[in-house]
Amino acid sequence: MLTRTPVFTAGGSDFDPTDPHLFTTDRHLEVWRQARSRHPVAWQESADGGFWSVTGHRAGSELLRRPTEFTSTLGMRLGSSPQAVRAAAGRMLVVADGTAHRRLRTAHSAWFTPRALAGLRADLLRLLDARLAELLARGTPFDVVGELTALLPAWALLGMMGVPAADWNHLVGLTLRAFDDDERGPAAAAARTEAHTEVFLYFGELLDRRRAAPGDDMVSALAQAVVDGRPLTDEEIVLNCDGLMNGGLETTPHAASGAMLAFARHPDTWRRLRHTPELADRAVEEILRYTSPPMHAMRTATVDATLGDATIRAGDRVVVWFPSCNADDTVFAEPGRFLLDRWPNPHLGFGGGPHYCIGAALARLELRCLLETLARRVEAFEVAGAVVRQPSNFLNGLRRLDLALTPAGTAAGADPLTGPRHSGTPR
């Protein structure tokens, strides 16, 4: 009989990654460092029965590229409701594999190519500029999470989906409640389920309206899409709208606020970026690696399989920890440093394999627009309050970040990231 070895021991008996509050401090970073050096794939005991914990970049990348042996259809995150996973399996991108996944991805992918998103750039820059001008005019510190970075993906994604602007705040609030890991227990689970249900109902009603009167938006396109000879069902469309809300609204704000915190702590880095525009695209990739907004992805072994030095049983859960993989010093020199010109940068900020984030180009565009606007408007950042991390084992980021921003002077002339000196990004 197979035994579950090696066993994850770096964090001690009280290290349980199923507890979202574990990640409100930095304790896990040292634990993961030790795990990578000893056994980057190891059995982790936990309150919900245990799983294989993957902390190394090589093993994590390999896991994501083997969907036949390690499926997402039995859940892609710790703590998922088995009933909800069964209802969505094969009909929602994140819990579909093989032919079903390819069909759903084909229906969505045309909306997320760089060419399709090109027209969004001017609108994002305009909205960001107006918002930042308003915040700077106050002359006081503000919470960049609640008042700036959370708005960026909402402007981009909800507009693409055809959600009326009057509904944006309501829908964002529902999504935050649906994926809030702060509280545990039956009451908290029921509150999350209720929020998800309201999101489903909203998109079901929006879908009905778009079927009756199609517009130039993603929901209208999905309502009319035919892939492999058949249209998407209402359930497939609504489930994937909910998935896009989670992936689109929850991750980019963590990358953006994490970047602003890094610039506050490393002012020389911010000055260099403002005046070295050719680093902008590489800076976006380093932001994605350094902040690593997705905390984990889970797979379930369909057969007995080997990953690293571990022999995994069919039915075992396997969890890859993205921030740990993105700090693997066998892949990234000086991984604890925020290096604008790091290249190559094979981070797993968008996952990997067939489930590589469909919204990657959109997230890059949002972050690039944010950097350009900040470069034009902001001379410096200063932390002006407590840095509060979000209690979650699924999303890695800040719940609140109060910053004071020093407005940029006018003598410097053109936007440092978009002015005449910009000669493109080396690749």
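Located above this text is the structure these notes cover.
These numbers were taken from a predicted model, which means no experiment stands behind them. Numbers given for residues are sequential positions, taken from 1 along each chain in its written order. Per-residue local features of the predicted model are confined to residues with pLDDT of at least 70, and side-chain atom pairs are confined, for both listing and counting, to 80 or more; whole-chain, interface and lining totals are unaffected and use all residues. Derived side-chain values reflect all non-hydrogen atoms in the structure, with water molecules and hydrogen atoms excluded from consideration.

**Quick word on unusual backbone geometry**
Next up, step 1: That bond from threonine 5 to proline 6 is cis: its omega, 0°, falls within 30 degrees of zero.
Next up, step 2: Only runs of H or I of at least four residues qualify as helices and only runs of E of at least two qualify as strands under DSSP, and these elements are numbered from the N terminus. Along the polypeptide, proline 6 turns up in the segment before α1 (27–38).
Next up, step 3: At the junction of tryptophan 343 and proline 344, the peptide bond is cis and its omega measures out at 0° in the coordinates.
Next up, step 4: Along the chain, the position of proline 344 falls in the loop between α16 (322–325) and α17 (360–377).
Next up, step 5: Here serine 292, not a glycine, exhibits a phi torsion of approximately 40°, which is positive.
Next up, step 6: Structurally, serine 292 can be placed in the loop between α15 (280–291) and β7 (296–301).
Next up, step 7: The backbone of glutamate 334 shows a phi angle near 50°, a positive value even though the residue is not glycine.
Next up, step 8: Position of glutamate 334 among the secondary structure elements: in the loop between α16 and α17.
Next up, step 9: A 1.4 Å probe rolled over the protein chains alone gives each residue an accessible area, and that area as a share of the maximum for its type sets the label: buried under 20%, exposed over 50%, partly exposed in between. Under the relative-accessibility criterion, glutamate 334 is labelled partly exposed at 47%.

**Structural notes on the side chain of aspartate 16**
Next up, step 1: Within the secondary structure, aspartate 16 is located in the segment before α1.
Next up, step 2: Any pair of N or O atoms that falls within 3.5 Å is considered a polar contact. Within protein, one atom must be able to donate a hydrogen and the other to accept it, and sequence-neighbouring residues count only if both atoms are side-chain atoms. Among the polar contacts listed, one links the side chain of aspartate 16 to the side chain of threonine 18, at a separation of 2.7 Å.
Next up, step 3: Contact partners of aspartate 16, with chain neighbours within four places excluded, come to Leu22, Glu45, Ser46 and Ala47. Every residue pair with non-hydrogen atoms within 4.5 Å of one another is taken to be in contact.

**Here's the deal with the layout of surface pockets**
Next up, step 1: Roughly 990 Å³ of internal volume is contained in the second largest pocket.
Next up, step 2: Leu29, Tyr290, Pro323, Ala327 and Pro335 are, among the 41 residues lining the second largest pocket, the residues nearest its centre.
Next up, step 3: Mapped by element, the contributors of at least two residues to the lining of the second largest pocket are α1, α2 (57–64), α13 (252–265), α15, α16 and β11 (378–389).
Next up, step 4: Each residue gets one label: Ala, Val, Leu, Ile, Met, Phe, Trp, Tyr, Cys and Pro are nonpolar, Asp, Glu, Lys and Arg are charged, and the others, such as Gly, are polar. Residue composition of the lining of the second largest pocket, grouped by class: 12 nonpolar, 18 polar and 11 charged. Each cavity reported here is a set of points on a 1 Å grid over the protein atoms alone in which a 1.4 Å probe fits but cannot get out, each pocket an open set with protein on both sides within 12 Å along at least five of seven lines, and each lining residue one with an atom within 4 Å of a point. Grid points are joined across faces, edges and corners, and a volume is the space filled by probe spheres set on the points.

**Regarding the state of the cysteines**
Next up, step 1: Two cysteine sulfurs form what is called a disulfide whenever their separation falls within 2.5 Å. Going through the model one piece at a time under the given rule, you end up with zero disulfides.
Next up, step 2: Cysteine cysteine 241 remains unbridged, with the sulfur of cysteine 357 as its closest cysteine sulfur at 16 Å.
Next up, step 3: When its relative accessible area of 2% is taken as the criterion, cysteine 241 is described as buried.
Next up, step 4: With no disulfide of its own, cysteine 325 has cysteine 357 as its nearest cysteine by sulfur position, at a separation of 16 Å.
Next up, step 5: Overall, cysteine 325 belongs to the buried group, its relative accessible area being 0%.

**A few points about the side chain of aspartate 402**
Next up, step 1: Mapping aspartate 402 onto the fold places it in strand β12 (residues 398–407).
Next up, step 2: Of note is the side chain of aspartate 402, whose polar atom sits 3.1 Å from the side chain of arginine 400.
Next up, step 3: The contacts of aspartate 402, once residues within four sequence positions are left out, are Phe142, Asp143, Glu382, Val383, Ala384, Gly385 and Ala386.

**Brief notes about the nonpolar core**
Next up, step 1: Residues Met161, Val163, Phe203, Phe263 and Phe381 are the most contacted members of the largest nonpolar core, which totals 82 residues.
Next up, step 2: The contact partners of methionine 161, leaving out residues within four places of it in the chain, are Phe203, Leu206, Asp217, Met218, Val219, Cys241, Leu244 and Met245.
Next up, step 3: By convention a nonpolar core is built from buried Ala, Val, Leu, Ile, Met, Phe, Trp, Tyr and Cys residues, the set being connected through side-chain atoms within 4.5 Å. By size, the runner-up hydrophobic cluster in this structure holds 19 residues, among which are Trp52, Ala305, Val318 and Leu348.

**A closer look at the sheet that holds strand β2 (residues 51–54)**
Next up, step 1: Pairing is mixed across the open sheet formed by five strands, whose spatial order is β1-β2-β10-β7-β3. Of all strands in the sheet, those with a lone pairing partner are β1 (41–44) and β3 (70–71), marking the two edges.
Next up, step 2: A pair of strands counts as paired when DSSP detects no fewer than two bridges linking them. As defined by bridge partners, β2 adjoins strand β10 (residues 317–321) across three bridges and the pair is classed as parallel. In the strand pairing of β10, tryptophan 52 is matched with valine 318.

**Quick notes on α2**
Next up, step 1: The buried count for α2 comes to six of eight residues, which makes it a mostly enclosed element.
Next up, step 2: Taken as a whole, α2 has its buried residues at His57, Ala59, Gly60, Ser61, Leu63 and Leu64.

**Focus on the pattern of salt bridges**
Next up, step 1: The salt bridge criterion pairs a side-chain nitrogen of Lys or Arg with a carboxyl oxygen of Asp or Glu, the two atoms within 4 Å. Scanning the model with the defined rule gives 28 salt bridges in all.
Next up, step 2: Note that arginine 66 is salt-bridged to glutamate 62, the shortest N-O span being 2.6 Å.
Next up, step 3: Linking aspartate 129 and arginine 377 is a salt bridge whose minimum nitrogen-to-oxygen distance equals 3.0 Å. On the criterion of sequence distance, the pair formed by aspartate 129 in helix α6 (residues 120–138) and arginine 377 in helix α17 is long-range, its members being 248 residues apart.

**A word on the environment of alanine 314**
Next up, step 1: Tracing the chain through its elements places alanine 314 in the loop between β9 (310–312) and β10.
Next up, step 2: Between the alpha carbons of alanine 314 and asparagine 169 there is a distance of 43 Å; along the sequence they are 145 residues apart.
Next up, step 3: Those residues in contact with alanine 314 that lie beyond four places of it in its chain are Ala301, Thr302, Val303 and Asp304.

**Comments concerning the sheet that holds β11**
Next up, step 1: The antiparallel open sheet is built from three strands, whose spatial order is β4-β12-β11. Looking at the sheet topology across the chains shown, the edges are occupied by β4 (142–143) and β11.

**A closer look at empty space enclosed by the protein**
Next up, step 1: Under the counting rule described, the total for this entry stands at one cavity of 30 Å³ or more.
Next up, step 2: In this structure, the largest cavity spans a volume of roughly 30 Å³.
Next up, step 3: Listing elements by their share of the lining of the largest cavity, those giving two or more residues are α13 and α17.
Next up, step 4: Sort the elements by how many residues they give to the lining of the largest cavity and α17 lands first, with four residues.
Next up, step 5: The residue inventory of the lining of the largest cavity, partitioned by class, reads eight nonpolar, no polar and no charged.

**Some words on helix α8 (residues 151–161)**
Next up, step 1: Within α8, nine of the 11 residues are buried, leaving the element largely enclosed by the surrounding structure.
Next up, step 2: Glycine 162, located one to two residues past α8, shows a positive phi value of around 80°.

Just distances and angles here, no functional claims.
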